[in-house]
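Summary of the model geometry
What follows is the residue order along each chain.
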Amino acid sequence: MLPSLILIVAVLDCIHIYAIFRKQDQSLAPKERMVYTIDQVLVPCLLTSFTTMIGFSCLMLSDMEVIRDFGMFATFGIFCALFLSLGPYCILLTLIPQRNTKTRHSISPKLTKAAAAIASYNHHNWKASLVIFAFFTFIVGLAVTTLVVEDRPITHYDEDHRIRKSYLFFDEKFSGSTTIDFVIKGPDGSLKNPENLK
C-alpha cells in the first residue's frame, strides 16, 4: 500500500508540472519555460505535499508500532517524491526534446462549458462560494462526529448469535477473551494427516 500511495502523489505532481510546462510559450527556451513553470507550481505543490505529510505524520502518535512506522515512512516518501518532482524531473523536462502538439478539441464540450461556468461563478461570486463551502464543511463536520470506529469483529454478529453470546459470556464471567492467530508450517501434505491435527 505504501509504494502505491507514494507513487500516486509523485505522479500527480509530475503531471501538474508537465501540464503547466507544456502551456508555456513554445518560442521560449526550455529553461525559461521551466522557470515560469516552477513559479506557478511551486506553492501549490508545496502546500499539497506538506499538508499530506502533516496528515500522515499524525499517525506517528499512535500506540501501535505498525501504524507509527507507516506514518513515518509515508511522510518521508512524500517528501522524497516532492524533491524528485521539483528537482530531477524538472531538469529532465528541459533536456528532453518536446514535440509541438496540435490543439485538440475537448472530449466533452458540455463538461468543459459546465466547468468554465462554475469557475466563472466562483471568480465573480467568491463570497457566496465561501459561504457554500463553509456550509458543506459544517455538514461534513457534523457527519464526522457520528462516525464510530469499531474494530471488534464480534459486533458483526447478531446479538442472538451463539458465537456472540459465548463471547459475551466469557467477557462477563471470566477475565475476557481475545483473538489469537496461529501460523502452522510443515512439509507438503502434512496437515492432511489426522495424526498431526490432534
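What counts, and where the lines are drawn
- Residues numbered from 1 in each chain as written.
- Predicted model: local features only at pLDDT ≥ 70, side-chain atom pairs only at ≥ 80, totals over all residues.
- Heavy atoms only, no water.
- Helix = DSSP H or I, 4+ residues; strand = E, 2+ residues; numbered from the N terminus.
- Contact = heavy atoms within 4.5 Å.
- Areas by Shrake-Rupley, 256 points an atom, 1.4 Å probe, with all protein chains shown as cover.
- Core = buried A, V, L, I, M, F, W, Y, C linked by side-chain atoms within 4.5 Å.
- Buried < 20%, exposed > 50% of the residue type's maximum accessible area, 1.4 Å probe, protein only.
- Bend = angle between axes of the 7 residues up to and from the residue.
- Phe/Tyr/Trp six-rings, centres within 6.5 Å; stacked < 30°, edge-to-face > 60°.
- Axes fitted to C-alpha atoms, helices over the stretch in contact; angles between N-to-C directions.
- Parallel < 35°, antiparallel > 145°, perpendicular 65-115°, else oblique.
- Left-handed = near helix turned anticlockwise from the far one by under 90°.
- Disulfide = S-S within 2.5 Å.
- Polar contact = N/O pair within 3.5 Å; in protein donor to acceptor, adjacent residues only side chain to side chain.

Further remarks concern the overall build of the protein chain. Assigned secondary structure in the protein chain consists of seven helices and zero strands. Shown N-terminal to C-terminal, the secondary structure of the protein chain runs as helices and strands in the order α-α-α-α-α-α-α. For the protein chain, the share of sequence-separated contacts (at least 6 apart) that also reach a separation of at least 24 residues comes to 53%. Carbon together with sulfur atoms contributes 67% to the accessible area of the protein chain, which is approximately 16,400 Å² in total.

Before going further, it helps to examine the nonpolar core. With nine residues, the main nonpolar core is built from Ile17, Ile20, Phe21, Met34, Val41, Cys45, Leu82, Cys90 and Leu93. Looking at this core, the elements with two or more residues in it are helix H1 (2–23), helix H2 (30–57) and helix H4 (88–95). Setting aside its immediate chain neighbours within four residues, Met34 contacts Phe21, Cys90, Leu93 and Thr94. Judged by nonpolar contacts, the second largest core, of five residues, contains Val9, Met53, Phe56 and Ala74.

Quick look at H2 now. Maximum bend of H2: about 40°, positioned at Val41, with proline Pro44 one to four residues after it. Residues of H2 that are buried: Arg33, Met34, Thr37, Val41, Cys45, Ser49, Met53 and Phe56. Considering only its buried residues, H2 is in contact with H1, helix H3 (65–86) and H4.

What follows covers the packing of aromatic side chains. Overall, the coordinates contain two aromatic pairs when judged by the stated rule. Note on Phe56 and Phe70: the rings are 6.1 Å apart at their centroids and 65° apart in plane angle, and the pair reads as edge-to-face. Placement of Phe56 in helix H2 and of Phe70 in helix H3 is noted, with a sequence separation of 14 residues between them. When the ring of Phe135 is compared with that of Phe136, the centres are 5.6 Å apart and the planes differ by 75°; the resulting orientation is edge-to-face.

Okay, the side chain of Thr75 next. Relative to the assigned elements, Thr75 resides in helix H3. Among all residues touching Thr75, those that are not within four sequence positions of it are Met53, Phe56 and Ser57.

With that settled, consider the packing of H1 against H2. Here H1 crosses H2 at 155°, and the two axes come no closer than 8 Å. Taken together, H1 and H2 sit at an angle that is classed as roughly antiparallel. In terms of crossing hand, the pair formed by H1 and H2 is right-handed. Side by side, H1 and H2 meet where Leu5, Asp13, His16, Ile17, Ile20, Phe21 and Arg22 of the first sit next to Pro30, Arg33, Met34, Thr37, Gln40, Val41, Pro44, Cys45, Thr48, Ser49 and Phe56 of the second.

Below, the discussion takes up the state of the cysteines. The final tally for this structure, using the stated rule, is zero disulfides. In this structure Cys90 is not part of a disulfide, and its nearest cysteine sulfur, from Cys14, lies 8.0 Å away. Look at Cys90 and you get buried, because its relative accessible area is 5%.

Tracing the backbone shows Thr146 in the loop between helix H6 (126–145) and helix H7 (162–173). Residue classification places Thr146 among the exposed residues on the basis of a relative accessible area of 59%. Separated by 2.5 Å, the side chain of Thr146 and the backbone oxygen of Ala143 make a polar contact.

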